[in-house]
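Structure at a glance
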Amino acid sequence: GIPQQGNVLGKPGAPVTIVEYADYQCPFCAQWAVDTLPAIVDEYVRPGNVRIVFQGIAIIGDDSVTALQAAASAGVQDKLWNVGELLFHNQGAENSGWVTDDLLRDIGASVSGFDVDAMMDGRESMEVADAIGAAQADAQAGGITGTPSFEITKTGGQPTLLQGARPIDEFRQVLDGMLQDS
């Protein structure tokens, strides 16, 4: 029931935006996605106060690239967040070859209303390559050197940067402060 458009989760006009930079192979990114993200979605995104922009960057290795291409391709169908969550929940050891076509097909098959073949076929499309290139450029421009990293911005304000798999209480402090000023 939460709107998705490409790599964006949440209401387009939300007063606060979190830009998440993550690698699907990063164990700290998976920890954050499993431990902290659900609370942020329930408390801030679902009510329309926060939107999250996923900027995937592949820094660890080949499995990072394969997973990111699949997720970006899923974003063409507005299902990046569904596929990304399942990638984090099924994460294997770094650079072990865990991101297989079989895994991607299984993940895609579990997403309601999703065309798995379109995701698989679109992984090397220009649209996917452009999205991945734009995320990488944004990360470089923002000085992002590790994952996960988060730029949290109130519309029209300066970003606050959080790095690492921070607990929900640190996000609540920043988000509540920005929302109180709205």
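The preceding data block contains the structure.
Notes on the structure in this doc start here. (Residues numbered from 1 in each chain as written. Predicted model: local features only at pLDDT ≥ 70, side-chain atom pairs only at ≥ 80, totals over all residues. Heavy atoms only, no water.)

1. Re the side chain of Gln 55
Here Gln 55 is to be found in strand β4 (residues 50–56). Setting aside residues up to four positions removed in sequence, Gln 55 forms contacts with Asn 7, Val 19, Glu 20, Tyr 21, Ala 22, Ala 135 and Asp 138. (Helix = DSSP H or I, 4+ residues; strand = E, 2+ residues; numbered from the N terminus. Contact = heavy atoms within 4.5 Å.)

2. A closer look at the sheet that holds strand β5 (residues 149–154)
Pairing is mixed across the open sheet formed by 6 strands, whose spatial order is β1-β2-β4-β3-β5-β6. Because the sheet does not close on itself, it has two edges, and the strands there are β1 (4–5) and β6 (160–163). Relative to β5, strand β3 (residues 16–22) is paired through 6 bridges, and the arrangement is antiparallel. Bridge pairing in β5 places Tyr 21 opposite Ser 149. Of the strands in this sheet, β1, β2 (8–9), β3 and β4 touch helix α4 (residues 80–89), which is tilted by about 65° from β4. This element, helix α8 (residues 168–180), spans β3, β4, β5 and β6 of the sheet and lies at about 20° to β5. (Pairing = 2+ DSSP bridges. Axes fitted to C-alpha atoms, helices over the stretch in contact; angles between N-to-C directions.)

3. With respect to the packing of helix α1 (residues 27–35) against helix α2 (residues 37–45)
Following both chains from N to C, one finds α1 and α2 inclined at 40°, their axes separated by 4 Å at the closest point. Viewed along their axes, α1 and α2 adopt a mutual orientation that is oblique. Contacts from Trp 32, Ala 33, Val 34 and Asp 35 of α1 reach α2 at Leu 37, Pro 38 and Ile 40. (Parallel < 35°, antiparallel > 145°, perpendicular 65-115°, else oblique.)

4. Considering α8
With 13 residues, α8 should reach 18 Å at 1.5 Å per residue; the first-to-last C-alpha distance of 18 Å fits that figure. Looking at α8, one finds that the buried residues are Ile 168, Phe 171, Val 174, Leu 175 and Met 178. Taken down its axis, α8 places every buried residue within 135° of arc, on the same side. For α8, the exposed residues set more than 90 degrees away from the buried face come down to Asp 169, Gln 173 and Gln 180. (Expected span 1.5 Å × (residues − 1). Buried < 20%, exposed > 50% of the residue type's maximum accessible area, 1.4 Å probe, protein only. Arc of directions from axis to C-beta.)

5. Points about the environment of Glu 151
Tracing the chain through its elements places Glu 151 in strand β5. Sequence-wise, Glu 151 and Glu 94 are 57 residues apart; in three dimensions their C-alpha atoms are separated by 25 Å. Polar contacts involving the side chain of Glu 151 include one to the side chain of Tyr 21, which spans 3.4 Å. (Polar contact = N/O pair within 3.5 Å; in protein donor to acceptor, adjacent residues only side chain to side chain.)

6. Structural notes on the packing of helix α3 (residues 62–76) against helix α7 (residues 126–141)
With their axes 9 Å apart at the nearest point, α3 and α7 run at an angle of 110° to one another. Looking at the two axes, α3 sits roughly perpendicular to α7. The element α3 and its partner α7 pack so that their crossing is right-handed. Two secondary-structure elements touch here, α3 through Leu 68, Gln 69, Ala 72, Ser 73 and Val 76 and α7 through Glu 127, Val 128 and Ile 132. (Left-handed = near helix turned anticlockwise from the far one by under 90°.)

7. So, the pattern of salt bridges
Following the criterion strictly, the structure yields 6 salt bridges and no others. Asp 101 is the salt-bridge partner of Arg 123, the closest N and O atoms lying 2.9 Å from each other. Here the residue Arg 123 occupies a position in the loop between α6 (116–122) and α7, and Asp 101 occupies one in helix α5 (residues 101–109), the gap between them amounting to 22 residues. Judged by its relative accessible area of 16%, Arg 123 falls in the buried class. One salt bridge in this structure joins Arg 166 and Glu 170, with 3.3 Å as the shortest N-O distance. One network of salt bridges, with partners in common, ties together Glu 43, Asp 169 and Arg 172. (Salt bridge = Lys/Arg side-chain N within 4 Å of Asp/Glu carboxyl O.)

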